[in-house]
Amino acid sequence: QDALALRERDLKRSKERANELDAAVLQLRMAETKREMHVDELNEEVLERGRQLEDEAHRASMLLSDKDAEMRALEGEAQQREEELVRRISQLEGDNQDLEAKVLGLQEEAAEGGRQLAALEGRYNALREANIADTDQTVNLLNREVEAREEDKRLLHARALSLEQAVRDREADAQRAGE
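Residues numbered from 1 in each chain as written. Predicted model: local features only at pLDDT ≥ 70, side-chain atom pairs only at ≥ 80, totals over all residues. Heavy atoms only, no water.

**Student:** Where do I start with the overall build of the protein in this structure?
**Tutor:** A tally of helices and strands in the protein yields two helices and zero strands. For 179 residues, the compact-globule estimate of 2.2 N^0.38 gives 16 Å, and the protein exceeds it by more than 25% at 46 Å. Residue burial in the protein is summarised as follows: out of 179 residues, 14% are buried. Partitioning the intrachain contacts of the protein with sequence separation of at least 6 by distance along the chain shows that 87% fall at a separation of at least 24. Total accessible area computed for the protein in this model is approximately 14300 Å², and 51% of it derives from carbon and sulfur atoms. (Helix = DSSP H or I, 4+ residues; strand = E, 2+ residues; numbered from the N terminus. Rg over C-alpha atoms; globule rule 2.2 N^0.38 Å. Buried < 20%, exposed > 50% of the residue type's maximum accessible area, 1.4 Å probe, protein only. Contact = heavy atoms within 4.5 Å. Areas by Shrake-Rupley, 256 points an atom, 1.4 Å probe, with all protein chains shown as cover.)

This is the structure in structure tokens:
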């Protein structure tokens, strides 16, 4: 009984752990989705910033056509900013890959927890079936013992009746002999 209760408690814990792992995987997937949305937003910012820089460069070119050196400086700054944004995007993509690896790890943990849970359920069911079989066998043995005792009781009762009859017969014989 104690071992069965312990196994049931372990089974319950395994199910709770599997549920916790499922929740953690869901949270990580949600975080991954948010991260992807953030990357998309940053891409939009890069595109918007690139358009802004192009507009600025065009206006500067029209207004300051005689200042090529200044224009090259602005283009250099725009290039630097774009490179910085590209570096930031690369870093975010790396972070996203790390999150994907963590999600895969958690999925593997959840799968292992599921396998352990299935094994525990199998052992529980086997123990339960063995316990039921033992109980049935014990009940059958007890029923046979009860039947044997009832038969002994019947035989004893029949013998007692036989002895009583023998006593009456002797008393009758003795009475006849006395007459």
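Now that the structure has been shown, the text picks up again.
**Student:** I tried to follow the nonpolar core on my own but got confused; where do I start?
**Tutor:** Generally speaking, soluble globular proteins have nonpolar side chains that are buried together. Counting seven residues, the largest nonpolar core consists of Leu21, Val25, Leu28, Leu99, Val103, Leu106 and Ala110. Elements represented by at least two residues in this core include exactly helix H1 (2-63) and helix H2 (68-178). It is H2 that provides the largest number of residues to this core, a total of four residues. Contacts of leucine 21, omitting those with residues within four sequence positions, involve Leu106, Glu109 and Ala110. (Core = buried A, V, L, I, M, F, W, Y, C linked by side-chain atoms within 4.5 Å.)

**Student:** Is there a simple way to explain a negative patch on the surface in this structure?
**Tutor:** Judged by side-chain charge, Glu36, Asp40, Glu41, Glu44, Glu45 and Glu100 come together as a negatively charged surface patch. With five residues, the top contributor of residues to the negative patch is H1. Among the secondary structure elements, glutamate 36 is positioned in helix H1. Relative accessible area serves as the criterion here: at 35%, glutamate 36 is assigned to the partly exposed category. (Patch = residues over 30% accessible without salt bridge, like charges linked within 9 Å, V, L, I, M, F, W, Y side chains within 5 Å. Salt bridge = Lys/Arg side-chain N within 4 Å of Asp/Glu carboxyl O. Lys, Arg positive; Asp, Glu negative; His and termini not counted. Charge placed at Lys NZ, Arg CZ, Asp CG, Glu CD.)

**Student:** In this structure, what is going on with the pattern of salt bridges? I would like to understand it.
**Tutor:** Close approach of charged atoms lets side chains of opposite charge pair. Within this structure, the stated rule accounts for twelve salt bridges. The salt bridge involving arginine 17 is made with glutamate 20; its shortest N-O contact spans 3.8 Å. Of this pair, arginine 17 and glutamate 20 both sit in helix H1, three residues apart, roughly one helical turn. Judged by its relative accessible area of 43%, arginine 17 is partly exposed. Between arginine 49 and glutamate 56 there is a salt bridge, with the nearest N and O atoms lying 3.9 Å from each other. Classification of arginine 49 by relative accessible area gives partly exposed; the value is 23%.

**Student:** Even after reading the chapter, I still don't get the environment of leucine 106, so can you show me in this structure?
**Tutor:** Within the fold, leucine 106 resides in helix H2. In the structure, leucine 106 is positioned 73 residues away from threonine 33 in sequence and 16 Å away in space, judged by C-alpha atoms. When sequence neighbours within four positions are dropped, the list of residues in contact with leucine 106 reads Leu21, Ala24, Val25 and Leu28.

**Student:** I keep staring at the environment of arginine 59 and nothing clicks. Help me out?
**Tutor:** Position of arginine 59 among the secondary structure elements: in helix H1. Separated by 58 residues in sequence, arginine 59 and leucine 117 place their C-alpha atoms 68 Å apart.

**Student:** What am I meant to see in the side chain of glutamate 32 here?
**Tutor:** If you trace the backbone, glutamate 32 turns up in helix H1. No salt bridge is formed by the buried glutamate 32; the nearest opposite charge belongs to arginine 29, separated by 6.2 Å. Setting aside its immediate chain neighbours within four residues, glutamate 32 contacts Asn96, Leu99, Glu100 and Val103.

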